[in-house]
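# Geometric and topological summary
So the chains spell out like this:
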Amino acid sequence: QIALRDGSNTFWYNSQSIPLSGIWRTYQVPIVYTYTEMSKSTGKHLLQASIESVRKHMPNNHIHILYHGREDEAFRKWLVDHDVEIHQHDPTWRPQIEAMRKNGDPNSSHLFMHSGNYFGTWQRIDIPRFVNAEYALLLDADTIVLQPFTRADGGLDMTYCIALSAELLQNTV
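Starting afresh in each chain, residues are numbered from 1 along the sequence in its written order. Where totals are concerned, whole chains, interfaces and linings use all residues; where local detail is concerned, this predicted model gives features only for residues with pLDDT of at least 70, and gives and counts side-chain atom pairs only at 80 or more. Side-chain numbers come from the whole structure's heavy atoms, not from hydrogens or water.

## Examining the overall build of the protein
The secondary structure content of the protein amounts to 5 helices and 4 strands. In DSSP terms, a helix is any run of H or I states spanning at least four residues, a strand is any run of E spanning at least two, and both are numbered starting from the N terminus. Put simply, the protein runs from its N terminus to its C terminus through helices and strands in the order β-α-β-α-β-α-α-α-β. When accessible area is computed with a 1.4 Å probe and restricted to protein chains, residues below 20% of their type maximum are described as buried, those above 50% as exposed, and intermediate ones as partly exposed. By residue count, 37% of the 173 residues in the protein fall in the buried class. Any two residues whose heavy atoms approach within 4.5 Å are treated as being in contact. Sequence separation of at least 24 residues holds for 63% of the intrachain contacts in the protein that already meet a minimum separation of 6. Residue burial considers only the protein chains on display, and all accessible areas are found by Shrake-Rupley using a 1.4 Å probe. Within the structure as shown, the protein displays about 10,800 Å² of accessible surface, and the carbon and sulfur contribution to it stands at 53%.

## Quick look at the packing of helix α1 (residues 41–57) against helix α2 (residues 73–81)
Each axis is a line fitted through C-alpha atoms, taken for helices only over the stretch in contact, and angles between the N-to-C directions span 0 to 180 degrees. The geometry of α1 relative to α2 is characterised by a closest axis approach of 11 Å and an angle of 10 degrees between their N-to-C directions. Here α2 runs roughly parallel to α1, going by the angle between their axes. Where α1 approaches α2, its residues K44, L47, Q48, I51 and E52 are matched on the opposing element by F75, W78 and L79. Just so you know the grouping, Ala, Val, Leu, Ile, Met, Phe, Trp, Tyr, Cys and Pro go in nonpolar, Asp, Glu, Lys and Arg go in charged, and all remaining residues, Gly too, go in polar. Residues that form the contact of α1 with α2 fall into these classes: 5 nonpolar, 1 polar and 2 charged. We call two directions roughly parallel when the angle between them is under 35 degrees, roughly antiparallel when it is over 145, roughly perpendicular when it lies between 65 and 115, and oblique otherwise.

## Looking at the environment of I31
The topology assignment puts I31 in strand β1 (residues 31–36). Residue I31 is classed as buried on the basis of its relative accessible area of 0%. Placed 107 residues apart in sequence, I31 and L138 show a C-alpha to C-alpha distance of 6.0 Å. Residue contacts for I31: discarding those within four places in its chain leaves V54, N61, H62, I63, H64, L137, L139 and F149.

## A short note on the packing of helix α3 (residues 94–102) against helix α4 (residues 115–122)
Put simply, α3 and α4 touch, their axes get as near as 10 Å, and they point 120 degrees apart. By the angle class used here, α3 and α4 are oblique. The interaxial crossing formed by α3 with α4 has right-handed handedness. Between α3 and α4, the contacting residues are R94, I97, E98, M100 and R101 on the first element and S115, Y118, F119 and W122 on the second. Two helices crossing with the near one rotated counterclockwise from the far one by less than a right angle form a left-handed crossing, whereas a clockwise rotation gives a right-handed crossing.

## Points about the side chain of D72
Here D72 lies in the loop between β2 (63–68) and α2. Overall, the relative accessible area of 19% leaves D72 in the buried class. Each residue touching D72, except ones within four places of it in the same chain, is listed here: E37, K44 and Y67.

## A few points about the sheet that holds strand β3 (residues 84–88)
Pairs of strands are assigned from DSSP output, requiring at least two bridges between the strands. In space, the 4 strands of this open sheet follow the order β3-β2-β1-β4, with parallel pairing throughout. Since the sheet does not close on itself, it has two edges, and those belong to β3 and β4 (137–138), each with one partner. Along the sheet, α1 contacts β1, β2 and β3; its crossing angle with β1, the most-contacted strand, is approximately 165 degrees. Set on the sheet, α2 makes contact with β1, β2 and β3; between it and β3 the angle comes to about 135 degrees.

## Side note on the nonpolar core
What makes a nonpolar core is a set of buried Ala, Val, Leu, Ile, Met, Phe, Trp, Tyr and Cys residues whose side-chain atoms join them at distances within 4.5 Å. Ranked by size, the top nonpolar core spans 17 residues in total, and within it Y33, I51, V54, I65 and L79 carry the most contacts. Of all the secondary structure elements, the ones that give two or more residues to this core are β1, α1, β2 and α2. In this structure V54 touches I31, Y33, P59, I63, L139 and V145, once residues within four positions along its chain are discounted.

## A look at the pattern of salt bridges
Put simply, a salt bridge is a Lys or Arg side-chain nitrogen that is within 4 Å of an Asp or Glu carboxyl oxygen. Tallied over the full model, the rule gives 6 salt bridges. A salt bridge links R124 to D140; the shortest N-O distance between them is 3.6 Å. One end of the pair, R124, is in the loop between α4 and α5 (127–130); the other, D140, is in the segment after β4, with 16 residues separating them in the sequence. Given the relative accessible area of 33%, R124 is considered partly exposed. Judged by relative accessible area, which is 29%, D140 ranks as partly exposed. Here D126 makes a salt bridge to R129, at a shortest N to O gap of 3.8 Å. Since its relative accessible area comes to 7%, D126 is described here as buried. Residue classification places R129 among the exposed positions, given a relative accessible area of 62%.

Distances and angles like these do not, on their own, reveal function.
Pasting the structure below:
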């Protein structure tokens, strides 16, 4: 039955002990991005390159984007044309994030220097509100996918809760 659903939102059977993606390569991990129109314009171009790399190497994966803003209709059309599911993201907590940014030290992080880029890093906390999947992979806009992967590539020791990575890691997938 799981195979008949084409692996939609299902990656493992029997509490991770049977990795079905090793048998059927239908178990794609949903890819998630965050974006705000307040970000620097280079972020949009990097995001487009990242999405195109996912589409090239993993054409059947679901791609989601938590999208903040309503002005850039051409970019929203580009996302739809590339089969990206857009989730309008207008969180009520945004003013508190902006207050935190204004009180931050730009010497400790470049993100404090730009309102849109700082907010964009916080958008990820709402991913579970929009993406209904057992696992999802958040990609930064500057991530380029060079080969296909599935949940099985993460191994059996993947956490059930949250995973973080260092900004300096390279060639991890």
